[in-house]
Amino acid sequence: IGAFAIGLYAEGVAVMLFYTVGELFQDAAVGRSKKNIQSLLDKRSKVAHVLNNGKYHDVDPEQILIGDIIQVKAGEQVPLDGILLNDSAYFDTSALTGESKPKTIYRNEMVLAGMISINQVLEIEVQKKFVDSSFARIYGLIQSALTHKAPTELFIRKFAEVYTPIVVLFACLLVGLPYFFFENYSFNDWLYRALIFLVVSCPCALVISIPLGYFGGIGAASRNGILFKGSNYLDLIGKVDAIVFDKTGTLTEGIFKVRELVIHNFDRDKFLQIITAIETTSNHPIAKAIKDYFGENSNEISLREVKEFPGEGLQGVIDGKDILVGNSKLMNRFGVDLPHDIRNNAKTLVIVSFKHEYIGHLVIDDVIKPDAKSIIKKVSQLGVRKNYILSGDRTEIVKNVASEIGVNLFFGDLLPDQKMQKLSEIKKENKIVAFVGDGINDAPALALSDIGISMGALGSDVAIETANVVIQTDQLSKIVTAIKIGLATKKIVWQNITLAFTVKLIVLSLGAFGLATMWEAVFADVGVALLAIANAVRIQHSKF
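Before going into details, it helps to say that this report is about the structure given with it. (Residues numbered from 1 in each chain as written. Predicted model: local features only at pLDDT ≥ 70, side-chain atom pairs only at ≥ 80, totals over all residues. Heavy atoms only, no water.)

## Points about the pairing of strand β18 (residues 386-390)
Selection rule: Each residue is placed in one exposure class: buried if its accessible area under a 1.4 Å probe, protein chains only, is under 20% of its type's maximum, exposed if it is over 50%, and partly exposed if it falls in between. Strands are runs of DSSP state E lasting at least two residues, helices are runs of H or I lasting at least four, and both sets are numbered from the N terminus onward. A pair of strands counts as paired when DSSP detects no fewer than two bridges linking them. For the handedness criterion, the strands are oriented away from the viewer, and a crossover whose path from the first strand over the helix to the second runs clockwise is classed as right-handed.
Here β18 lies mainly inside the structure; four of its five residues are buried. Here strand β11 (residues 242-245) runs beside β18; their pairing, made up of four bridges, is parallel. Within β18, the residue paired with Ala242 across the bridge is Lys386. Pairing between β18 and strand β19 (residues 409-411): three bridges, direction parallel. Looking at the pairing, Leu390 lines up with Phe411 of β19. What joins β18 to β19 is helix α14 (residues 395-405), and the crossover it makes is right-handed.

## A closer look at the side chain of Asp246
What counts, and what does not: Polar contacts, as counted here, are pairs of nitrogen or oxygen atoms within 3.5 Å of one another; within protein the pair requires one atom able to donate a hydrogen and one able to accept it, and residues that are adjacent in sequence qualify only if both atoms are side-chain atoms. Contacts are residue-level and defined by heavy atoms, with any inter-residue pair within 4.5 Å sufficient.
Note that Asp246 resides in the loop between β11 and β12 (252-263). A distance of 3.3 Å separates the side chain of Asp246 from the side chain of Lys419, its partner in a polar contact. Asp246 has contacts with Leu251, Leu390, Ser391, Lys419, Phe435, Val436, Gly437, Asp438 and Asp442, leaving out every residue within four places of it along the chain.

## Here's the deal with the sheet that holds strand β7 (residues 110-111)
Across the sheet, six strands lie side by side as β2-β1-β3-β9-β4-β7; this open sheet has antiparallel pairing. Lying at the two open borders of the sheet, with one neighbouring strand each, are β2 (55-59) and β7. Of the pairings in the sheet, the one linking strand β1 (residues 48-52) to strand β3 (residues 69-72) comprises two bridges and is antiparallel in character. For Val50, the partnering residue across the bridge sits in β3 and is Ile70.

## Remarks on the sheet that holds strand β22 (residues 469-471)
Rules: Under this scheme, a helix contributes an axis fitted over its contacting stretch, all axes are lines through C-alpha atoms, and angles between N-to-C directions fall in the 0 to 180 degree range.
Taken in spatial order, the seven strands make up an open sheet running β10-β22-β21-β20-β11-β18-β19, and their pairing is mixed. Two strands close off the open sheet at either side, each with one partner strand: β10 (226-228) and β19. Within the sheet, the average angular offset between the axes of one strand and its neighbour, ignoring direction, is 20°. With three bridges joining them, strand β21 (residues 451-455) and β22 adopt parallel strand pairing. Pairing of Met455 across the sheet is with Ile471, part of β22.

## Focus on the environment of Leu174
Assignment of secondary structure puts Leu174 in helix α5 (residues 155-176). Exposure remark for Leu174: the relative accessible area of 14% places this residue in the buried category. As for Leu174 and Trp190, which are separated by 16 residues in sequence, their C-alpha atoms are 6.8 Å apart.

Below is the structure:
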């Protein structure tokens, strides 16, 4: 209206046009993001093999009824909760429960949706419809957690709510108040001064450079293998004062390896021949880890009458002598006397007995990532006050990992809902909490946390899509990089805010007293915006 009043039609039209186009782009981006989030949440088993008239047919899991028989092939995910009809089976439950060790389930025991059959074809009698399955329940937890997340608004939006009406009020007062104080008052002169005031006060430098600063930070993070799903998370990560870590696949590799070999009063070569020969007969993941560790044994020995005790181990006969390889349950079954330190060992042990006498054991463990220990120290130096470990794995194993990497606060044996409950308690004790995880069971916690960080390379699709930040290389050290980028971005943004306000206040003051022309106003608006933009793009060329 002011521009039209003094004949500056082109300027008036341009301002309104640019503003409208900007709003259209913003609305389109927001709408697209909401659709993407909705589609990303719809991740589940699309097909189930159901028995009908003696043959298996592929159908949608939502159409399967309680009592139907479904088939799950090796490597497939169980689509619905049900009872196992096979004698026994091994399941990878790490994505669902966080348990690193494969779980053995026996006939008529419950199998949960989301578990993965490791090495055999299974038959399962469905006990729950899809909407009531454990997998669907976890998705419900995700959506519930999302509703508890407080929206984080960018500074410019909060700022505009206060800044804009104040500036417009001052411009109106600049036109009207002088009438009461100056005898030679000229409406057009004071309107011109008020328009200069409005041009100078136009927040272009902030509106352009602040989002660009965040965009530059997101670009810098991407080049370092870190994906931020919004500039608000880039801002939040620099304010984190507590980080909660999942264990399996996050702090550890998620792969079984032999960590230690202990032989007790027995020939080493024969010990290796025995354990290699008997483990070759099994497809269990721990057996595979042992075979990978020792390699192929060239010395053939006579192994007979191999029998597997699911969840316990293997029994065989070599040269007429009884051989047992398994856990303490198997040893107790056959009355093998174990040393006290073996019976009370919290680690995963593969115990070997010859003629029902203990001759040694292997320590099998999920290997801790090389940078797990250093990450705790580095994030503390960046202002993170507390570090926690929450895991579905056994508390004793979690304690060992926590002790090795230097974390004092840890909790084990947690189911997905228990993990959320514990995280809620942690949030009450800390201002900004980040959660780092990778499994399906971590998704609700990732959603509930102030900023969820997923380890992308090995993480489940659900965890990756729910998280706010994805570490694409699975390197824990990238969390330190992400925090550094967040802090650098915040620094640049506040530099631009200070620059814009300082210059604008000076020119505004001069304009109010008629000492600044429209040229100074343009510099305070466009010129400062260009300087701020140049400062914002620096982060894209910085090294972290």
